[in-house]
Amino acid sequence: MNKLFKSSKADHLQGSLNVTRRGFLVTTSTLGAGLALGMTTRPAASSSMPLDEVNAWVHIATDDTVTIRIARSEMGQGTLTGLAQLVAEELDCDWDKVTYEFPTPGQNVARERVWGDYSTGGSRGLRASQQYVREGGAAAKMMLVQAAADQWGVAASTCSAIDSVITHGPSGRTTTYGAVAANAGALPVPTKVTLRDPADWHIAGKPLKRLDTADKLTGKLVYGADINLPNMLCASIMDCPVMGGKLMSFKESAISAMPGVKGAVAVVTDEGTDGVAVVADTWWEAQSALKKLPIKWDLGPNANYDDATLTAMLEEGLSADEAFVGNWGGDVEAAFASAETIVESVYKCPSQNHAPMEPMNATALFTKDRCEVWCPTQNGEAALAAASAASGLPLNQCEVYKTILGGGFGRRGAGDYVHQAVKIAMAFPGTPIKLQWSREEDQKHGFFHPSTMAKMRGTLDADGNLTGLHMRISGQSILAGLMPHALVEGADYLQFQGVIKAGLNPAMDDHSICYDIPNVLVDHAMRNPPIRPGFWRGVNVNQNTIYMECFLEEMAHAAGRDPLEFRLALMKNQPKSAAVLKAVAEQGGWGKDDGMGRGLAVLHSFGSYVAACAEVTVDEGGNLNMHRIVAATDCGIAVNPQQIEAQVQGSFVYGLSAALYSENTLKNGEIQEDNFHTYPSMKIASMPKVEVIVMPSGGFYGGVGEPTIGVAAPAVLNAIFAATGKRVRQLPMRDQSLRA
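Residues numbered from 1 in each chain as written. Predicted model: local features only at pLDDT ≥ 70, side-chain atom pairs only at ≥ 80, totals over all residues. Heavy atoms only, no water.

Asker: Can you explain the nonpolar core? Please cite residues and give values.
Answerer: In a soluble, globular protein the nonpolar side chains are often hidden away together inside. In this structure, Y515, F652 and M733 are the most contacted members of the largest nonpolar core, which totals 97 residues. When residues in this core are grouped by element, the largest group, nine residues, is from helix α14 (residues 541-559). Each residue touching M733, except ones within four places of it in the same chain, is listed here: A659, L660, V716, L717, I720, V728 and L738. If you look at the next biggest cluster of nonpolar residues, it comprises 49 residues, including L83, A161, A184 and L221. (Core = buried A, V, L, I, M, F, W, Y, C linked by side-chain atoms within 4.5 Å. Buried < 20%, exposed > 50% of the residue type's maximum accessible area, 1.4 Å probe, protein only. Helix = DSSP H or I, 4+ residues; strand = E, 2+ residues; numbered from the N terminus. Contact = heavy atoms within 4.5 Å.)

Spelled out as structure tokens, the structure:
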């Protein structure tokens, strides 16, 4: 188990952690049962025929339109289509007639969580669902075939099905899924099914078009910001600008005569927010009145907190005597004592905002015995729990209708905006209230990716071999801020994503280090500032991979060895990691003498093996030109190769935006970046070409949406050094000289 200890001791922690990652999941025992509610509004299907439920996953209309139920959230990552492919593959239906709908969390409770986990994060949408959704499709097919066989009075074993058509082999008779769906739904659901080998897939594993693209392009998709209910009023909110501060008073009479204004409401939630909302006929009227509302704040104990205070806290942690250990092996002290060469560097990564294109929003309708919420959420069950907690009504009197998300990146796993919407709606019972955050509110009151620093120390022997590594991380714990119950004897095991040896903590084996280092110590000095931390796309692998991959290149340079060869020498027992690294090096032109600076990075995270080779130049004025990035991904089994390519390319946009431009800064306890002019992202003209190598080795399901973010920044940083001889150890790069 993990414990606090003095990192200078030689008797580095023995044993292993045995913990299970817990997210925002609300369990069956917590939610109870007995709720019977409807489904969330689904996109217009190609059929107006009545739908018959074959089983929980599959509805089929009499015209053979197949509606597949998707429990996970869709926020642009393509999970919706991938899950539908997996169900349709085992169902053997006609893909051209497939549509989808989202079952509500209330229905999930009522049916004993038949759709499983609703949480969509940690790149788990497909990999944590694939088994039971495939079983759902296979069971539905068996039921449909059995229904046809019963109708014909023949054995089911003499029948086959493909493309929604069932055929009786001996007689040649055929029928369709739609013709027997009602009878199939009355049959017992099979408990044993045989799943198809991925090698034989004909729907899954193929680069099929997304189910939501056409409706997205034509504006038919419904996002949370699009919700419009009869007699609906709109709300805009302002929370105390300093975390930990409180609302003291506001003068409602100052805005009561403004156009459309219906009132102002104090909003205090269990999520740590404390502010005031204005309700009006339109959002613009509400926002305009809110800006003019006289408000008095108690800014609280953090009113003088700033970046200098945070940096001093992190720097102190780098040399603290005590820290939590996440990875250990061999004898680090002995390695340093006998080293021929010792290399030491300090790195720093800033706080980041999720900054989704669609700011936080939720629409709530409250009555004395019912609370309903329409919202974009990464976890429908957590949103249901938030609605219940905020309204004071039991779960069986609440429901959440999930919409498509205009971006999530981890931010919409929280329920603060749902709490707020319900609290406001309680002041206007019987009237739907649509709460929409302003961009400024969204930027200043998120759950932020923590700022961290790392002191990296490594040893080389006389032959230039890496003999020892000590990585000291100093920074905020996300678990301590959001889920303190998940800490293990005070330690945040997620802090060691990407830098922990496989087998030390089974819960972290999906994030194990790619290298076999004979003497290693990785520890974490937890330093928690008064900032709400959050799970930001990629979580801790982002900064950890920067620290590890950039420092290993420093070690290779100190040893006088090629960075690729230096890495591969440490990967003799890591064949999958070595394979993706070799693939990007070969396609990226590693070793080519053409005036380009090239940099590498490799990572195992979220169950997948990824690598990148960046190709850059830096002109005499210090301007960076990123020409090309080659990225390789081994996610085991590829459900939709085209979506994998799109996800990898998109993750580089996100990762490079953070590396080049994005940073949250504090002044007087307040986040200073309040919109995209102060928190910019990559522009199309600056984005390098991203060549994606999808190289699934089979046998496992890895994540796709997050792993490659981790290799984006370090590959570019290493390429900058190759081009200029300048090491950049602090992000973002935007205000730094890139010339030595």
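Asker: An account of the pattern of salt bridges is needed here, citing residue identities and associated values.
Answerer: Per the stated rule, a full pass over the model turns up 34 salt bridges. Between R457 and E344 there is a salt bridge, with its nearest N and O atoms 3.2 Å apart. A residue pair is termed long-range when its members are at least 10 positions apart, and R457 in strand β20 (residues 452-460) and E344 in strand β15 (residues 341-349) qualify at 113 residues. Accessibility expressed as a relative area gives 25% for R457, which makes it partly exposed. D369 is paired through a salt bridge with K368; the nearest N and O atoms lie 4.0 Å apart. Salt bridges linked by common partners bring D594, R598, E615, R628, K689 and E691 together as one network. (Salt bridge = Lys/Arg side-chain N within 4 Å of Asp/Glu carboxyl O.)

Asker: Residue-level account of the confidence of the model for the protein chain, with values.
Answerer: On average, residues of the protein chain score 93 in pLDDT, and 93% of them reach the 70 mark or higher. The low-confidence segment residues 1-46 (pLDDT under 50) makes 125 contacts with residues lying over four places distant or belonging to another chain. (pLDDT = per-residue confidence, 0-100.)

Asker: Requested: an account of the packing of helix α10 (residues 380-391) against helix α11 (residues 416-426), with residues and values cited.
Answerer: In a pair of packed helices, the angle between the axes and the distance between the axes together describe the arrangement. For the pair α10 and α11, the least separation of the axes is 8 Å and the interaxial angle reads 35°. Here α10 and α11 pass one another in a crossing that is right-handed. In this structure, α10 uses A383, A386, A387, A389, A390 and S391 to contact α11, whose residues at the interface are V418, H419, V422, K423 and M426. (Axes fitted to C-alpha atoms, helices over the stretch in contact; angles between N-to-C directions. Left-handed = near helix turned anticlockwise from the far one by under 90°.)

Asker: So what about the sheet that holds strand β28 (residues 689-694)? Which residues, and what values?
Answerer: The pairing of strands in a sheet comes from backbone hydrogen bonds and takes either a parallel or an antiparallel form. Taken together, four strands build an open sheet; the order of strands is β23-β24-β25-β28 and the sheet is mixed. The sheet is open, and its two edges are formed by β23 (597-605) and β28, each paired on a single side. The sheet shows a mean angle of 15° between the axes of neighbouring strands, direction not considered. Bridge analysis of strand β24 (residues 608-618) against strand β25 (residues 624-634) gives 10 bridges, and the strand direction is antiparallel. Considered in β25, the bridge of A612 is made with A631. Seen against the sheet, helix α17 (residues 641-660) touches β24, β25 and β28 and runs at an angle of roughly 135° to β25. Against the sheet, helix α18 (residues 709-724) engages β23, β24 and β25, with an angle of about 155° to β23. (Pairing = 2+ DSSP bridges.)

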